[in-house]
Amino acid sequence: VALDPNTIHYNEINVTGTDIALGATVLVNGAVASATVTCGAGSTGGFCNAGNVAIDLVNNPGSGLHLLQVQNPSGLFSNDLPICVGTAAGCRTSQ
């Protein structure tokens, strides 16, 4: 996922996820981030339908490569989702 810090909606990330609760916590680089999780296709029983999830970060995590995760209340963590803020060149890592 690439985010452009120069656009108005750089903080919103649309992803596909399963079993995401409306009260899920969002983490960036392992730290809790102020964010809102919404369900694009509505919700049933407090969980997003059809895997359409929008994550709206309150603050830009800054330029560079970051890892985003979601955690349901009292639940396990999601997989890491790498996100690039800024240019692709600024997010490349040497091997």
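Definitions and cut-offs
- Residues numbered from 1 in each chain as written.
- Predicted model: local features only at pLDDT ≥ 70, side-chain atom pairs only at ≥ 80, totals over all residues.
- Heavy atoms only, no water.
- Pairing = 2+ DSSP bridges.
- Helix = DSSP H or I, 4+ residues; strand = E, 2+ residues; numbered from the N terminus.
- Disulfide = S-S within 2.5 Å.
- Buried < 20%, exposed > 50% of the residue type's maximum accessible area, 1.4 Å probe, protein only.
- Contact = heavy atoms within 4.5 Å.
- Polar contact = N/O pair within 3.5 Å; in protein donor to acceptor, adjacent residues only side chain to side chain.
- Core = buried A, V, L, I, M, F, W, Y, C linked by side-chain atoms within 4.5 Å.
- pLDDT = per-residue confidence, 0-100.

The subject of this paragraph is the pairing of strand S8 (residues 52-57). Note: strand S2 (residues 12-16) against S8, 5 bridges, orientation antiparallel. Paired with Ile 13 across the two strands is Ile 55, which belongs to S8. With 5 bridges joining them, strand S5 (residues 35-39) and S8 adopt antiparallel strand pairing. Bridge pairing in S8 places Thr 38 opposite Ala 54.

Let us now look at the state of the cysteines. Tallied over the entire structure, the rule returns 2 disulfides. In this model Cys 39 forms its disulfide with Cys 48; the gap between the sulfur atoms is 2.0 Å. Where Cys 39 bonds to Cys 48 through sulfur, the torsion about that S-S bond is close to -65°, and the disulfide is left-handed. Each member of the pair, Cys 39 together with Cys 48, is buried. One disulfide bridge connects Cys 84 with Cys 91, the sulfur atoms lying 2.1 Å from each other. Here Cys 84 and Cys 91 share a disulfide; its torsion about the S-S bond, 90°, makes the bridge right-handed. For the pair Cys 84 and Cys 91, a shared accessibility class is recorded, and that class is buried. Within the protein, bonded cysteines paired by disulfides and numbered along the sequence follow the pattern 1-2, 3-4.

To continue, consider the environment of Leu 22. Take Leu 22: it is sitting in the loop between S2 and strand S3 (25-28). In the structure, Leu 22 is positioned 26 residues away from Cys 48 in sequence and 7.0 Å away in space, judged by C-alpha atoms. Leu 22 has contacts with Val 37, Cys 39, Ser 43 and Gly 46, leaving out every residue within four places of it along the chain.

With that out of the way, let us pick up the side chain of His 66. With respect to the helices and strands, the residue His 66 is situated in strand S9 (residues 64-71). Here Asn 29 takes part through its side chain, which lies 2.8 Å from a polar atom of the side chain of His 66. Leaving out residues up to four positions away in the same chain, His 66 has contacts with Val 28, Asn 29, Pro 61, Leu 81, Pro 82, Ile 83 and Val 85.

By size, the foremost hydrophobic cluster in this structure holds 15 residues, and its most contacted members are Ile 13, Ile 20, Val 53, Ile 55 and Leu 68. Counting residues per element, the ones that place at least two in this core are S2, S3, S5, S8 and S9. Looking at this core element by element, the count peaks at 3 residues for S8. Not counting residues within four places of it along the chain, the set of residues in contact with Leu 68 comprises Ile 13, Val 26, Leu 27, Val 28, Ile 55, Asn 79, Asp 80, Leu 81 and Ile 83.

Once that is clear, we can look at the confidence of the model for the protein. In this model, the protein carries an average pLDDT of 81, and 85% of its residues clear a pLDDT of 70 or more. Between residues 1-9, whose pLDDT stays under 50, and residues either more than four places distant or in other chains, the model counts 18 contacts.

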